[in-house]
Amino acid sequence: QLQLVESGGGLVQPGGSLRLSCATSGLRPNYYAIGWFRQVPGKEREGVSCINSRGDSSEYADAVKGRFTISRDNADNMVYLQMGSLKADDTAVYYCAGSYRPFSRCELGSSSIYIYWGQGTQVTVSS
């Protein structure tokens, strides 16, 4: 029903910025809320940010508030995560995921509602 492909990860210095992209496709991709999650080996998956299907509501984890911005362009079926003031603790594999949730506010706390996942993109923050 939904395919997702992340891109934009890489190596960045502390304090730098990076923009991740998530290309969505399939049947009615604009009916899905999209979340960004990250995972470090040996640690639990962590919700980072999410945006609702219309792109007018979003949530952020406390650790990234004020530094990250999520957005979407439904004309191009793209979702973005603009990351600024990056820290070493932001190092992780970042995934975008879709939840079929038309018209409703997105939910970040429960990853189980996100059925469709991308392959992930590595973000490494290091000097």
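You'll find the structure just up there.
Small disclaimer: the values here were computed from a predicted structure and weren't measured.

A. The side chain of glutamate 6, seen in detail. Among the secondary structure elements, glutamate 6 is positioned in strand E1 (residues 2-7). Notably, glutamate 6 is buried but unbridged: the nearest opposite-charge side chain belongs to arginine 45, and the N-O separation is 9.9 Å. Among the polar contacts listed, one links the side chain of glutamate 6 to the backbone nitrogen of glutamine 119, at a separation of 2.9 Å. A distance of 2.9 Å separates the side chain of glutamate 6 from the backbone nitrogen of glycine 120, its partner in a polar contact. Once residues lying within four places of it in the same chain are set aside, the contact partners of glutamate 6 are Ser21, Cys22, Trp36, Tyr94, Tyr95, Cys96, Gly118, Gln119, Gly120 and Thr121.

B. Main features of the pairing of strand E3 (residues 18-26). Bridge analysis of E1 against E3 gives six bridges, and the strand direction is antiparallel. By the bridge assignment for E3, leucine 4 is matched with threonine 24. Bridge count between E3 and strand E8 (residues 78-83): six bridges; the pairing is antiparallel. The partner of arginine 19 across the bridge, within E8, is glutamine 82.

C. Here's a closer look at the pairing of strand E9 (residues 92-100). Pairing of strand E4 (residues 32-39) with E9 involves eight bridges; the strand directions are antiparallel. Paired with tyrosine 32 across the two strands is tyrosine 100, which belongs to E9. By the bridge criterion, three bridges tie E9 to strand E11 (residues 121-125) in an arrangement that is antiparallel. Bridge pairing links alanine 92 to valine 123 in E11. As paired strands, E9 and strand E10 (residues 116-117) are joined by two bridges and run antiparallel to one another.

D. View of the packing of aromatic side chains. Overall, the coordinates contain seven aromatic pairs when judged by the stated rule. Ring plane angle 75° and centroid distance 6.4 Å describe the contact between tyrosine 95 and tryptophan 117, whose orientation is recorded as edge-to-face. Here the residue tyrosine 95 occupies a position in strand E9, and tryptophan 117 occupies one in strand E10, the gap between them amounting to 22 residues. Here tryptophan 117 falls in the partly exposed class, since its relative accessible area comes to 28%. These aromatic residues form a ring-pair network of at least three members: Tyr31, Tyr32, Tyr100, Phe103 and Tyr116.

The rules behind these values
Per chain, residue numbering runs from 1 following the sequence as it is written. Two thresholds apply to this predicted model, a pLDDT of at least 70 for residue-level local features and 80 or more for giving and counting side-chain atom pairs, whereas whole-chain, interface and lining totals are computed over all residues. Side-chain numbers here rest on the full set of heavy atoms in the structure, without hydrogens or water. Runs of H or I in DSSP of at least four residues are treated as helices and runs of E of at least two as strands, each being numbered from the N terminus. Burial status follows relative accessibility: with a 1.4 Å probe on protein chains alone, a residue under 20% of its type maximum counts as buried, one over 50% as exposed, and anything between as partly exposed. Only four residue types enter the tally: Lys and Arg on the positive side, Asp and Glu on the negative side, with His and both chain ends excluded. By definition here, a salt bridge exists when the distance from a side-chain nitrogen of Lys or Arg to a carboxyl oxygen of Asp or Glu is within 4 Å. What qualifies as a polar contact is a pair of N or O atoms within 3.5 Å, subject to a donor-acceptor requirement within protein and to the restriction that residues adjacent in sequence count only when both atoms come from side chains. Should any heavy atoms of two residues lie within 4.5 Å, those residues are counted as being in contact. DSSP-based pairing: two strands are paired if at least 2 bridges between them are found. Pairs were defined over the aromatic rings of Phe, Tyr and Trp, the Trp ring being its six-membered one, requiring ring centres within 6.5 Å. Orientation was assigned from the angle between planes: stacked under 30 degrees, edge-to-face over 60, tilted for the rest.

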